[in-house]
Amino acid sequence: MDDPEFREFVEVRYADLLRTAYLLTGSRDAAQDLVHEALLKVMRHWRRVDEPMAYVRRVMVNERTSRWRRVGLRELLTSTLPERAGPDSTEPVVVRDELLTALDRLPVRMRTVLVLRYWEDLPEVAVAAAMGCSVGTVKSQAARGLARLRDVLGGPRPRMAGGLLGERA
């Protein structure tokens, strides 16, 4: 299929989709795979899609959930993090890494709510639509997810865009 509109959408939105996929998966390689699979699925139905970005996000969330169910949880969780090769040179990089690590410890559904709600800055209604659940579920998952992040991160709360940890500027 050679659709100029689809091609333009991919060229303009690929970086945004990759960022969202990275936050959903925690790995650059897995994020690229997720975006590519989602775009292949969307390409088949492109002419019928009214809101492409919302549709692709929904496909990515569904695909991520399906993978998680198929593969299961194969990671070995420990109480201590592995040592890092060297200290990070800037504080924002360290804060971001800690936050991404903490996000990776959350269940897929909770992590998805936090990524779509606070990183993508989607309203609760849009998050609920993307995940196929109620607004109440989004609210409760967001509240529980933020509380877990606070517990995992402990100490002073890092300040991130959109007040991810519930702080207001």
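Going by the structure above, here's the rest.
Throughout what follows, the structure given in this document is the object of discussion. (Residues numbered from 1 in each chain as written. Predicted model: local features only at pLDDT ≥ 70, side-chain atom pairs only at ≥ 80, totals over all residues. Heavy atoms only, no water.)

A short note on the overall build of the protein
Along its length, the protein carries seven helices and zero strands. Mapped in sequence order, the helices and strands of the protein form the string α-α-α-α-α-α-α. Going through the 169 residues of the protein one by one, you find that 37% of them count as buried. Intrachain contacts of the protein at a sequence separation of at least 6 include 59% that bridge at least 24 residues. With the model as given, the accessible surface of the protein reaches about 10,500 Å², and the carbon-plus-sulfur share is 51%. (Helix = DSSP H or I, 4+ residues; strand = E, 2+ residues; numbered from the N terminus. Buried < 20%, exposed > 50% of the residue type's maximum accessible area, 1.4 Å probe, protein only. Contact = heavy atoms within 4.5 Å. Areas by Shrake-Rupley, 256 points an atom, 1.4 Å probe, with all protein chains shown as cover.)

Description of the packing of helix α5 (residues 108–119) against helix α7 (residues 135–153)
The interhelical angle for the contact between α5 and α7, taken along N-to-C directions, is 95°, at an axis separation of 9 Å. Judged by the angle between their axes, α5 and α7 are roughly perpendicular. Between α5 and α7, the residues in contact are Arg-109, Met-110, Val-113, Leu-114 and Tyr-118 and Thr-137, Val-138, Gln-141, Ala-142, Arg-144, Gly-145, Leu-146, Arg-148 and Leu-149, respectively. For the contact of α5 with α7, a count of residues per class yields eight nonpolar, three polar and three charged. (Axes fitted to C-alpha atoms, helices over the stretch in contact; angles between N-to-C directions. Parallel < 35°, antiparallel > 145°, perpendicular 65-115°, else oblique. Nonpolar A, V, L, I, M, F, W, Y, C, P; charged D, E, K, R; others polar.)

Section: the packing of aromatic side chains
For the structure on display, the rule yields two aromatic pairs. Ring centres 5.1 Å apart and planes at 75° place the aromatic pair Phe-6 and Trp-46 in the edge-to-face group. With Phe-6 in helix α1 (residues 4–25) and Trp-46 in the loop between α2 (28–44) and α3 (52–71), the pair connects residues that are 40 residues apart, well separated along the chain. Given the relative accessible area of 10%, Phe-6 is considered buried. Looking at Trp-46, the relative accessible area reads 8%, which means it is buried. (Phe/Tyr/Trp six-rings, centres within 6.5 Å; stacked < 30°, edge-to-face > 60°.)

Side note on unusual backbone geometry
You will see that Asp-121, though not glycine, has its phi angle at about 60°, which is positive. Considering the arrangement of structural elements, one finds Asp-121 in the loop between α5 and α6 (124–131).

Side note on the packing of α5 against α6
Interaxial distance between α5 and α6 falls to 10 Å at its minimum, and their mutual angle equals 135°. The pairing of α5 with α6 is recorded here as oblique in orientation. The chirality of how α5 crosses α6 is right-handed. Along its contact with α5, which presents Arg-109, Thr-112, Val-113, Leu-116 and Arg-117, the element α6 presents Glu-124, Val-127, Ala-130 and Met-131. Residues of the contact of α5 with α6, tallied by class, amount to five nonpolar, one polar and three charged. (Left-handed = near helix turned anticlockwise from the far one by under 90°.)

Remarks on the pattern of salt bridges
A complete count under the given rule lists eight salt bridges for this structure. A salt bridge links Arg-19 to Asp-16, with the shortest nitrogen-to-oxygen separation between them at 3.7 Å. With Arg-19 and Asp-16 both in helix α1, this residue pair falls three residues apart, about one helical turn. Take Arg-19: its relative accessible area is 33%, and that puts it in the partly exposed class. Under the relative-accessibility criterion, Asp-16 is labelled partly exposed at 24%. Each of Arg-13, Asp-16, Arg-19, Arg-57 and Glu-120 takes part in one network of salt bridges that share partners. (Salt bridge = Lys/Arg side-chain N within 4 Å of Asp/Glu carboxyl O.)

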